[in-house]
Amino acid sequence: MVKKPSEEALKAHNDAEVIIKENNIDRFLLNMFMDKKGINKFYTTPELVNEFLNSDWFLNLELKCLLQINDESKRVRTNAYLTKKEIIFKEKADIVIHFNNILDSKIDGKKVDVICDDVSYKVMFSNKNLARLFFEYISSHS
């Protein structure tokens, strides 16, 4: 039998829903945040939504993507990890891009181009808001 949330939990969830709607928060990203915290999305609270809005919760989180190096290579399904200083793509041999090596970056929908001195990376996500989050973070740190 499934346990119903308490009245207090339902009120907190409803209060959180108001903040979510007011801030036009993407559910896909919020659900990623809740998964990282190990909390069922039905137990969202205003405090958790504020933490989502005001933290770099996505650092060191597995971001599923397709990666293409220098336009001519094939696309590879991989995971990108953002840290405070670099992007790491988990491959047989990890690909590490330090933010200070990024010359430019561009976004087009779900696709982010990361341009370094002698190589460019095309990173494709399944969600445009995840792509924007990735782009904005690397743009502000490179």
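Refer to the structure above for everything that follows.
Reading the values: rules and limits
- Positions within a chain are numbered from 1, following the residues in the order the chain's sequence is written.
- In keeping with the predicted nature of the model, local features appear solely for residues at pLDDT of at least 70, side-chain atom pairs appear and are counted solely at 80 or more, and the whole-chain, interface and lining totals rest on all residues.
- To obtain the side-chain values, all non-hydrogen atoms of the structure were included, while hydrogens and water were left out.
- The working definition used for a salt bridge is a side-chain nitrogen of Lys or Arg within 4 Å of a carboxyl oxygen of Asp or Glu.
- Burial classes follow relative accessibility: with a 1.4 Å probe on protein chains only, a residue under 20% of its type's maximum area counts as buried, one over 50% as exposed, and anything between as partly exposed.
- Secondary structure is summarised from DSSP: a helix means a run of H or I of at least four residues, a strand means a run of E of at least two, and numbering begins at the N terminus for each.
- Here a pair means two rings of Phe, Tyr or Trp (six-membered ring of Trp) with centres within 6.5 Å. Their orientation is stacked below 30 degrees between planes, edge-to-face above 60, and tilted elsewhere.
- Directions pointing from the helix axis toward each C-beta atom define the arc.
- Contacts: residue pairs with any heavy atoms within 4.5 Å of one another.

Caption draft 1: A look at the pattern of salt bridges. Scanning the entire structure with this criterion turns up eight salt bridges. With a shortest N-O distance of 3.1 Å, Asp 94 and Lys 90 are connected by a salt bridge. When its relative accessible area of 39% is taken as the criterion, Asp 94 is described as partly exposed. Linking Arg 132 and Glu 136 is a salt bridge whose minimum nitrogen-to-oxygen distance equals 3.5 Å. With Arg 132 and Glu 136 both in helix H4 (residues 128-141) and four residues apart, this pair spans about one turn of that helix. For Glu 136, a relative accessible area of 43% puts it in the partly exposed group. A single network of salt bridges, built from pairs that share partners, joins Glu 17, Lys 21 and Arg 27.

Caption draft 2: Highlighting unusual backbone geometry. For Asn 24, which is not glycine, the phi torsion reads 50° and is therefore positive. Examined against the element boundaries, Asn 24 turns out to sit in the loop between helix H1 (7-22) and helix H2 (27-37). The phi dihedral of Asn 60 falls on the positive side, at around 60°, and the residue is not glycine. Tracing the sequence through the fold places Asn 60 in the loop between helix H3 (46-54) and strand S1 (63-69). Taking relative accessible area as the criterion, Asn 60 reaches 54% and is therefore assigned exposed.

Caption draft 3: Quick look at the packing of aromatic side chains. By the definition in use, this model includes eight aromatic pairs. Between Trp 57 and Phe 58, the aromatic rings sit 5.7 Å apart at their centres with planes inclined by 85°, giving edge-to-face as the arrangement. For the pair formed by Trp 57 and Phe 58, the shared burial category is buried. Through pairs of rings, three or more aromatic residues link up here, namely Phe 33, Phe 52, Trp 57, Phe 58, Phe 99 and Tyr 137.

Caption draft 4: Highlighting H3. Listed as buried for H3 are Pro 46, Leu 48, Val 49 and Phe 52. Buried residues of H3 fall within an arc of 160° about the axis and therefore sit on the same side. Residues of H3 that are exposed and point more than 90 degrees away from the buried face comprise Glu 47 and Asn 54. The secondary structure elements touched by the buried residues of H3 are H1 and H2.

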